[in-house]
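So the chains spell out like this:
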Amino acid sequence: MKRKKRPEQHIDESWLLPYADMLTLVLALFIVMFAMAKVDEGKFEEFRDQFGVIFSGTGSGGDSIIGSVIDFGEHSGAVPQDEDELEETTMEKEVAKENKLAQKMEDQQMVEVSEKLKEELKALGLSGDTNVSLRSDGLHINLDSNILFQPGEAQINAQAKKSLDSLSSHLKNMNQEVVVAGHTDTIAINPPYKSNWELSAARAISVMDYLIAQKVINRNRISIQAYGDTKPHATNQTEKGRAKNRRVEITIKKVYQ
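The structure contained in this document is the topic of the report that follows. Please read all numbers here as calculations on a predicted model, not as lab measurements.

**Here we look at the pattern of salt bridges**
Summed over all chains, the structure comprises 7 salt bridges. Between Asp-107 and Lys-254 there is a salt bridge, with its nearest N and O atoms 3.2 Å apart. Taken together, the residues Asp-107 in helix H4 (residues 83–123) and Lys-254 in the segment after strand E5 (247–253) connect sequence positions 147 residues apart. A relative accessible area of 18% places Lys-254 in the buried class. The residue Lys-253 makes a salt bridge to Asp-137 at a minimum N-O spacing of 3.4 Å.

**Here's the deal with the sheet that holds strand E2 (residues 138–144)**
The 5 strands lie next to each other as E1-E2-E5-E3-E4, forming an open sheet whose pairing is mixed. Two strands in the sheet have a free side with no partner beyond their single neighbour: strand E1 (130–135) and strand E4 (222–228). Each neighbouring strand pair of the sheet contributes to a mean axis angle of 20 degrees, computed without reference to strand direction. For strand E3 (residues 178–183) and E5, the ladder comprises 6 bridges, and the chain directions are antiparallel.

What counts and what doesn't
Residues numbered from 1 in each chain as written. Predicted model: local features only at pLDDT ≥ 70, side-chain atom pairs only at ≥ 80, totals over all residues. Heavy atoms only, no water. Salt bridge = Lys/Arg side-chain N within 4 Å of Asp/Glu carboxyl O. Helix = DSSP H or I, 4+ residues; strand = E, 2+ residues; numbered from the N terminus. Buried < 20%, exposed > 50% of the residue type's maximum accessible area, 1.4 Å probe, protein only. Pairing = 2+ DSSP bridges. Axes fitted to C-alpha atoms, helices over the stretch in contact; angles between N-to-C directions.

Below is the structure:
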């Protein structure tokens, strides 16, 4: 007996249309995102209008599906800045540029003064009792106390004046702050000073007063420090070491570090 042929069944493929539309939208979304990262503002607007036409079917991108999914904005992704912000940024750049130039000029000045001081102190026969060095905070001029003071005293002598006068012409041309620091060895001090702290302070003050009196440094930009025997340069177990520790150090402080 012949079997009856079943009527052919047609598979419902109506779901393919919305699926294809969804894939198209996803593809369009990735294309637009790629365009946002790669093109300029003019091309951006072209993409927006064209995809608006394609997906709205109205000939205008204003009500397009793409427009509802992504807010394109009015620029190519740059963060907007108002005039005040732009002006402030420009001023900051200018200040940084000026500071860099000022720092370079100050460093050059320090190097020149350092070399001239070394030459002059050497010519005066004081190179063995002095040391001039450039450090990160400024120019350091170290003067051993034996060319400035008698043992246990804080009154500057004739040799001290000669040594300080050799610095004057160079220091007068500098506008940085100056610090005069006094140092001693560990040997106990006799009256009138109660301690090495007082002696180191008195010696620093004597040097400061002389520089101010000679109008080498304005009193508004000079100060003193007293360290006593707390910052030795050498050992205090030998006379040679103690002589190195008895000193006055003048520091020309850098403005730009």
